[in-house]
Amino acid sequence: MARVRLSVAERRDELLRAAVEQIEARGVAAVRISDVASALGVSNALVLYHFSSKEQLVAAAFAHAAEADLAQLRQLLGRRSTAVRRLRAAVRWYAPTGQAKGWRLWIEGWAVSLRDPELRRVAASLDREWKAALARVIEEGAAAGEFRCADPVAAAWRLTAFLDGLAVQTTAYVGSLSRTAMLRWADEALARELGLPADAPLTAGGEAATEGSPGPGHDEATEGGDPAR
């Protein structure tokens, strides 16, 4: 059966999705142009037509996966709700479960970016966007009097650093921390950064965080996948 002719944009998107899948399955170091081509039943030359090297393909695939999750983060943080509720939904979605493919992709990316300037540039830019998005909502909440935070940017950096560390631990050492404990720690970290008591409710309507609360990708109103973080 003849392949459907795709536009340049559609073909590029198809190649990036396949590259993300191959990176998740094989790792950045082991994945080859031929793996991506074989997965789609196309030639190596077609992949190289759109991406001149493996390094360029990997960096673009990394950005492709992360940009989708940035869009989801913006959606969560852009809701018409209290800043506290929006932040808790975002933090619980961002927090790792120890099984998220997206976290494995980020950890792979961090390791390779030590030696790959292009991937390092892409990863750093995306990381800044995550922190800036959180900092803006923390600033909004402080201005509205929901909580006190003297330095929203520093709070966003500390919060994401804490969650990144949890991701490394739970992804590298599956089963080392229960999902319930991990989510409780994420809630407590958010409460600390917002200057709220550790047992303060973090949801609208005075609902306290509980073990049955929705986890990553399952906040109070929306279901989604694990982040590519």
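Moving on, we come to the overall build of the chain. Helix and strand content of the chain: 9 helices and 0 strands. Overall, the chain shows an N-to-C arrangement of helices and strands of α-α-α-α-α-α-α-α-α. With 229 residues in all, the chain has 46% of them scored as buried. Sequence separation of at least 24 residues holds for 69% of the intrachain contacts in the chain that already meet a minimum separation of 6.

Structurally, Val36 is set in helix α2 (residues 33-40). Contact partners of Val36, with chain neighbours within four places excluded, come to Leu15, Ala18, Ala19, Gln22 and Leu57.

Counted by the stated rule, this structure contains 12 salt bridges. In this structure, the salt-bridge partner of Glu129 is Arg74, at a minimum N-O distance of 2.8 Å. Note that Glu129 is positioned in helix α7 (residues 117-143) and Arg74 in helix α4 (residues 54-77), a separation of 55 residues in sequence. Of the residues examined, Glu129 reaches a relative accessible area of 27% and is grouped as partly exposed. The salt bridge partner of Glu193 is Arg158, with a shortest N-O separation of 2.9 Å. Placement of the pair is Glu193 in helix α9 (residues 179-193) and Arg158 in helix α8 (residues 152-172), with a sequence separation of 35 residues.

Over its 15 residues, α9 runs 21 Å from end to end, which matches the ideal 21 Å to within 8%, given 1.5 Å per residue. Within the sequence span of α9, burial applies to Ala181, Met182, Leu183, Ala186, Asp187, Ala189, Leu190, Ala191 and Glu193. Of the surrounding elements, those touching the buried residues of α9 are α5 (83-94) and α8. Phi turns positive one or two residues past the end of α9, at Gly195, with a value near 70°.

Along the polypeptide, Arg17 turns up in helix α1 (residues 8-26). By relative accessible area, Arg17 is classed as partly exposed at 43%. A C-alpha to C-alpha distance of 8.0 Å links Arg17 and Ala65, two positions 48 residues apart in sequence.

Once that is clear, we can look at the packing of aromatic side chains. A full pass over the atoms with the stated rule returns 4 aromatic pairs. With 5.9 Å between their ring centres and 15° between their planes, Trp93 and Trp130 make a pair best called stacked. Here the residue Trp93 occupies a position in helix α5, and Trp130 occupies one in helix α7, the gap between them amounting to 37 residues. Each member of the pair, Trp93 as well as Trp130, is classed as buried.

Once that is clear, we can look at α7. The end-to-end C-alpha separation of α7 is 38 Å, in line with the 39 Å expected for 27 residues at 1.5 Å each. One side-chain oxygen at the N-terminal end of α7 lies 3.1 Å from the backbone nitrogen of Glu118; it belongs to Asp116. Backbone geometry just after α7 places Gly145 at a positive phi near 85°.

What counts, and where the lines are drawn
Residues numbered from 1 in each chain as written. Predicted model: local features only at pLDDT ≥ 70, side-chain atom pairs only at ≥ 80, totals over all residues. Heavy atoms only, no water. Helix = DSSP H or I, 4+ residues; strand = E, 2+ residues; numbered from the N terminus. Buried < 20%, exposed > 50% of the residue type's maximum accessible area, 1.4 Å probe, protein only. Contact = heavy atoms within 4.5 Å. Salt bridge = Lys/Arg side-chain N within 4 Å of Asp/Glu carboxyl O. Expected span 1.5 Å × (residues − 1). Phe/Tyr/Trp six-rings, centres within 6.5 Å; stacked < 30°, edge-to-face > 60°. Polar contact = N/O pair within 3.5 Å; in protein donor to acceptor, adjacent residues only side chain to side chain.

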